[in-house]
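Next come the chains, spelled out residue by residue.
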Amino acid sequence: MPYAIPGPGGRGWLLRLVIAFSFAQGAVSMARPAVSYRALALGADERAVGVIAGVYALLPLFAAVPLGRRTDHGRCAPLLPLGVVLISGGCALSGMAGSLAAMAAWSGVMGLGHLCFVIGAQSIVARQSAPDEQDRNFGHFTIGASLGQLVGPIAAGALIGADMGRTSALALLVSAAVGAVSLTSLWRIEHVRQAPAVRQRVEGRVPVLGILRARGVPAGIFISLAVLSATDILTAYLPVVGEHRGIAPATVGLLLSLRAASTIACRLVMTPMIRLLGRTALLTGSCLLGGVLCAGMALPVPVWGLALMLAALGFCLGVGQPLSMTTVVQAAPPGARSTALALRLTGNRLGQTAAPASAGLIAGTAGATAPFVMLGALLLTAAILGTRPPNS
């Protein structure tokens, strides 16, 4: 079915956005495990790995709402190249860093770049999609993230070898180049003539508390936080689990990419699943099963068992992100949708700050697999919140 998007470029804008997001997310997904391995090579323990993973989300935590406000009253597209520059710069400088403090700082720059790109891109999808197309278009948009998450860990695993210090630095430099490729697709994505229709005077802005009081917005934010925290901690801590269990970095990369491939498969069949089950049942069921699978990751299963669990978990986690975007956009007041999406991303970054730091403390006390039990509890809570459908 063709995309009913007016203006130049037809549905090509969404394809170009998916391609750009694939390279940008691929750079980040390649860099995140490489940062963990490089930190381990520099002498980091489980707690330090958690702190560095948390700093990735610290700068975005404070920048999301101002960027969302700006996007509600202006164009979205300028945030995309800015995000790419920050992502590539953060990756490259992390590869050249010689201390854990410097790695944490450049990891924060990388996270800020990712936030800029995602706020701009999500706002474009929300603005240029009809209400009945949002589930599908957000699902297709997030395929770009899944493609990056599929290829990035494989590439990182292929580059990182026995000399973790040198090879992890190489992987970070390569990830910077991968991110820069996304600049080639950032043309004619935003329909400029639509932007004035969504601008409002500053004095007419909806207060943040007003957005958060809209039924469905808090639940959408928490579900997104839980799903993204699960994805992030899997990416950051599966290398640590692999080191403890003697699993090679290349195998860890393949396991992470298997999860991403399963997520892509989920998003390709999102529309028929919604027709069959309904949005509420699909969202709740995927969080419930995902929570059980996350907790099961703490069991001493063999590599083939991990592969099966990650494949099923990837399918479950594929539901949460696109449906939480639609939930937030449809529940938010008109004229504040970019800000609502930014609040959702603030929740994501809060989770990315608190969850890895908490995981690091838990791992340091109870072992490297304990954070997966924490993720299970987080997703089960999200499943409970997902049982209450939002107002549209």
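Residues numbered from 1 in each chain as written. Predicted model: local features only at pLDDT ≥ 70, side-chain atom pairs only at ≥ 80, totals over all residues. Heavy atoms only, no water.

**Q** Looking at this structure, how should I read the nonpolar core?
**A** It is characteristic of soluble globular proteins that their nonpolar side chains tend to be buried jointly. Ranked by internal contacts, the top residues of the largest apolar core, which has 100 residues, are Leu-17, Phe-117, Ile-119, Phe-141 and Met-297. Take this core: its biggest share by element is 15 residues, from helix H1 (residues 12-41). Look past the residues within four positions of Leu-17 in its chain and what remains in contact with it is Leu-80, Ala-121, Val-125, Phe-141 and Ile-189. (Core = buried A, V, L, I, M, F, W, Y, C linked by side-chain atoms within 4.5 Å. Buried < 20%, exposed > 50% of the residue type's maximum accessible area, 1.4 Å probe, protein only. Helix = DSSP H or I, 4+ residues; strand = E, 2+ residues; numbered from the N terminus. Contact = heavy atoms within 4.5 Å.)

**Q** What is the right way to read a nonpolar patch on the surface from this model?
**A** Taken together, the side chains of Leu-15, Ile-19, Phe-23 and Val-181 present a nonpolar region at the surface, about 310 Å² in accessible area. If one sorts the elements of the nonpolar patch by residue count, H1 sits on top with three residues. Here Phe-23 shows up in helix H1. (Patch = residues over 30% accessible without salt bridge, like charges linked within 9 Å, V, L, I, M, F, W, Y side chains within 5 Å. Areas by Shrake-Rupley, 256 points an atom, 1.4 Å probe, with all protein chains shown as cover. Salt bridge = Lys/Arg side-chain N within 4 Å of Asp/Glu carboxyl O.)

**Q** I keep staring at the packing of aromatic side chains and nothing clicks. Help me out?
**A** When we look at a pair of aromatic rings, we describe it by the centre distance and by the angle of the planes. The final tally for this structure, using the stated rule, is two aromatic pairs. Arranged with centres 5.7 Å apart and planes meeting at 20°, the rings of Phe-21 and Phe-117 form a pair that is stacked. Of this pair, Phe-21 sits in helix H1 while Phe-117 sits in helix H5 (residues 100-128); the two residues are 96 residues apart in sequence, bridging distant segments of the chain. Between Phe-21 and Phe-141, the aromatic rings sit 4.7 Å apart at their centres with planes inclined by 10°, giving stacked as the arrangement. Here Phe-21, found in helix H1, pairs with Phe-141, found in helix H6 (residues 134-159); they are 120 residues apart in sequence, far enough to count as distant. Each member of the pair, Phe-21 as well as Phe-141, carries the same accessibility label: buried. Through successive ring pairs, a cluster of aromatic residues spans Phe-21, Phe-117 and Phe-141. Its end group placed over the ring of Trp-187, Arg-16 keeps NZ or CZ at 4.1 Å from the ring centre. (Phe/Tyr/Trp six-rings, centres within 6.5 Å; stacked < 30°, edge-to-face > 60°. Lys NZ or Arg CZ within 6 Å of the ring centre and 35° of its normal.)

**Q** What am I meant to see in the layout of surface pockets here?
**A** Over the atoms, a rolling probe the size of a water molecule traces out where space has been left empty. For the second largest pocket, the calculated volume is near 210 Å³. Elements represented by at least two residues in the lining of the second largest pocket include exactly H6, helix H12 (270-277) and helix H14 (303-331). The greatest single-element share of the lining of the second largest pocket, amounting to three residues, is contributed by H12. Of the residues contributing to the lining of the second largest pocket, the split by class is three nonpolar, three polar and four charged. (1 Å grid on protein atoms, 1.4 Å probe; cavity = no way out; pocket = protein on both sides within 12 Å on 5 of 7 lines; lining within 4 Å. Points joined across faces, edges and corners; volume = space filled by probe spheres on them. Nonpolar A, V, L, I, M, F, W, Y, C, P; charged D, E, K, R; others polar.)

**Q** Explain the pattern of salt bridges here, please?
**A** Oppositely charged side chains may form a pair once their charged atoms are brought near each other. All chains considered together, the criterion is met by one salt bridge. In this structure, Arg-166 engages Asp-163 in a salt bridge whose closest nitrogen and oxygen atoms are separated by 3.5 Å. According to the relative accessible area criterion, Arg-166 is exposed, its value standing at 54%.

**Q** It is not clear to me how helix H2 (residues 46-55) should be interpreted in this structure. Could you clarify?
**A** Burial analysis of H2 places seven of its ten residues in the buried class, the great majority of the element. All of the buried residues along H2 are Ala-48, Val-49, Gly-50, Ile-52, Ala-53, Gly-54 and Val-55.

**Q** Just to check I follow, could you spell out the confidence of the model for the protein for this structure?
**A** Detailed reading of the predicted model is not advised wherever pLDDT is low. Overall, the predicted model of the protein reaches an average pLDDT of 80, with 89% of residues at or above 70. When pLDDT is averaged over each helix and strand of the protein, the minimum, 42, is found for helix H8 (residues 195-198) and the maximum, 92, for helix H4 (residues 79-96). Overall, residues 1-9 carries pLDDT values under 50, and its contacts beyond four positions in sequence, including any with other chains, amount to 28 contacts. Confidence drops under pLDDT 50 across residues 194-203; counting only partners more than four residues distant or on other chains, this segment forms 15 contacts. (pLDDT = per-residue confidence, 0-100.)

**Q** Help me out: how do you make sense of the environment of Ser-182 in this one?
**A** Tracing the backbone through its elements, the reader meets Ser-182 in the loop between helix H7 (164-181) and H8. Overall, the relative accessible area of 0% leaves Ser-182 in the buried class. A sequence separation of 162 residues divides Ser-182 from Ala-20, and the C-alpha atoms of the two residues are 4.3 Å apart.

**Q** I'm lost on empty space enclosed by the protein in this one. Help?
**A** Using the criterion set out here, one finds three cavities of 30 Å³ or more in the structure. Put simply, the largest cavity is a space of about 420 Å³. If you trace the largest cavity, you find 32 residues lining it, with Gln-25, His-114, Ala-145, Gln-149 and Leu-228 closest to the centre. Going through the elements one at a time, H1, H5, H6, helix H10 (217-245), helix H11 (249-268), H14 and helix H15 (337-366) are the ones with two or more residues in the lining of the largest cavity. The computed volume of the second largest cavity comes to approximately 60 Å³. Forming the boundary of the second largest cavity are Arg-32, Val-35, Ser-36, Ala-39, Val-49, Ile-52, Ala-53, Ser-107 and Ala-236. No other element matches the four residues that H1 contributes to the lining of the second largest cavity. For the lining of the second largest cavity, a count of residues per class yields six nonpolar, two polar and one charged.

**Q** Would you mind going over H7 with me for this structure?
**A** Here H7 contains 18 residues, and its C-alpha end-to-end distance of 26 Å stays within 8% of the 26 Å for a straight helix at 1.5 Å per residue. Residues Met-164, Thr-167, Ser-168, Ala-169, Ala-171, Leu-172, Ser-175, Ala-176 and Gly-179 constitute the buried set of H7. Packed against the buried residues of H7 are H1, H4 and H6. (Expected span 1.5 Å × (residues − 1).)

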